Amino acid sequence: MRLNRRTALGLGTVATVGTVLGAAAPASAAEATETSPTTPARAARRVAAVFTKHSTEAGGNWQAYVSVADPAGAPVVAVQADADRRIEAYSVNKIAVATAVLDKVDRGLLTLDQQVEVSAAIVVPGGDGIFSLDGAYPSRVTIGHVLANLLTVSDDTAVRLCGLVAPAAEINSILVAKGFPNTQVEPVANPNRFFLGTSTPRETHDLLRALVAGTLLSPASTTYLLGLLRSPVAFTDGIRRTMSSDERARVATKAGWFADARHEAGVIFDRSGAAVLTYALFADGQANPEDFGATHPAVQARAAMGPKFLAAVDRIAGVGTTFRITARRPSNGG
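Thresholds applied
- Residues numbered from 1 in each chain as written.
- Predicted model: local features only at pLDDT ≥ 70, side-chain atom pairs only at ≥ 80, totals over all residues.
- Heavy atoms only, no water.
- Helix = DSSP H or I, 4+ residues; strand = E, 2+ residues; numbered from the N terminus.
- Buried < 20%, exposed > 50% of the residue type's maximum accessible area, 1.4 Å probe, protein only.
- Contact = heavy atoms within 4.5 Å.
- Areas by Shrake-Rupley, 256 points an atom, 1.4 Å probe, with all protein chains shown as cover.
- Pairing = 2+ DSSP bridges.
- Axes fitted to C-alpha atoms, helices over the stretch in contact; angles between N-to-C directions.
- Parallel < 35°, antiparallel > 145°, perpendicular 65-115°, else oblique.
- Left-handed = near helix turned anticlockwise from the far one by under 90°.
- Nonpolar A, V, L, I, M, F, W, Y, C, P; charged D, E, K, R; others polar.

What follows covers the overall build of the chain. The secondary structure content of the chain amounts to 12 helices and 11 strands. Looking at the chain residue by residue over its 334 residues, the buried ones come to 52%. Counted over contacts in the chain with a minimum sequence separation of 6, partners at least 24 positions apart contribute 69%. When the accessible surface of the chain is totalled, it reaches about 13800 Å², and 55% of it is carbon and sulfur.

The next point concerns the sheet that holds strand E3 (residues 87-88). Strand order in the open sheet made by the three strands is E3-E7-E6, with antiparallel pairing throughout. Whereas interior strands pair on both sides, the edge strands pair on one side only; in this sheet they are E3 and strand E6 (184-187). Pairing of E3 with strand E7 (residues 194-199), which is carried by two bridges, proceeds in the antiparallel orientation. Counted as the bridge partner of Ile87 is Ser199 from E7. Taken strand by strand, helix H8 (residues 168-177) contacts E6 and E7, and its axis lies near 155° from that of E6.

Along the chain, the position of Gly256 falls in strand E8 (residues 251-258). Residues Gly256 and Phe282, spaced 26 residues apart in sequence, show a C-alpha to C-alpha distance of 8.9 Å. Among residues more than four places away in sequence, those in contact with Gly256 are Tyr90, Ser91, Val92, Ala261, Arg262 and His263.

So, about the packing of helix H4 (residues 40-58) against helix H12 (residues 297-312). Packing of H4 against H12 brings their axes to within 9 Å, and their N-to-C directions diverge by 165°. Judged on the interaxial angle alone, H12 and H4 are roughly antiparallel. In terms of crossing hand, the pair formed by H4 and H12 is right-handed. Facing H4, whose interface residues are Ala43, Arg46, Val47, Val50, Phe51, Lys53, His54, Ser55 and Ala58, H12 presents Pro297, Ala298, Ala301, Ala304, Met305, Lys308, Phe309 and Ala312. Across the contact of H4 with H12, the residue classes tally to 12 nonpolar, two polar and three charged.

See below:
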């Protein structure tokens, strides 16, 4: 396990969580004594205990910010662990990239049915996603198709395609204007290309909160973006792994993985479709960094957290706009 200065001083996840809501009860006790919390504060304590248990078992370094909605006022902070550390966000920042592109759609500078060219030169060889599997270039796709691949199967070539319509400098300026100076892509020599850059757990959390509050994008773009993150094909190895299809539809999520980092951020909705829990979970330094599958320790930890987070807020009402998801039914072709 890689240790940082906070861990060495005994100021890691457990201590940090304890400072938010008072000393956290042992996770096993918290889970046994109350199966369905009925107040935001109790739900937040449950979430804190679950996070502490599973992040500690996974080891490594965790930077996180998690809150539970409270209809009576501000969200109740459940987890605050190195929440302001600026770190490489990897593919979690694809939400920020999509936000910048959709901001241009909202301002009439782009349209979702506008087409871009997929050339052989722009395809990321061996990258995650679909475009690298096509094997036939050039082709043309819509911006809507690009964003759908960006946020569901986390397509790497889709990042470059976004750069064709929203250069790195413009993405960063849009995010700064929206109040997210630490959530920035990293420019390279080509102005239309970039690395996915940095964020902090707090800023990623706050960006998601702004999204569901309707202050980040137009209602149409908000519904569109959340629909992608809540779709059945969106990331299922982490928070949503051991959930039913109906439960998965209550979770909008985006993961990011590179080197030894395994991140995930998203929103859990109540049964009516209002946001009730927002999470930003960044992890690195766990064992088996070569494992990008569901058996990586941090991914397994998030898979254990997911159903327990959902259970913790299952009797808590969300706040703000309700985002109902359209029922999707499997098709047999024809």
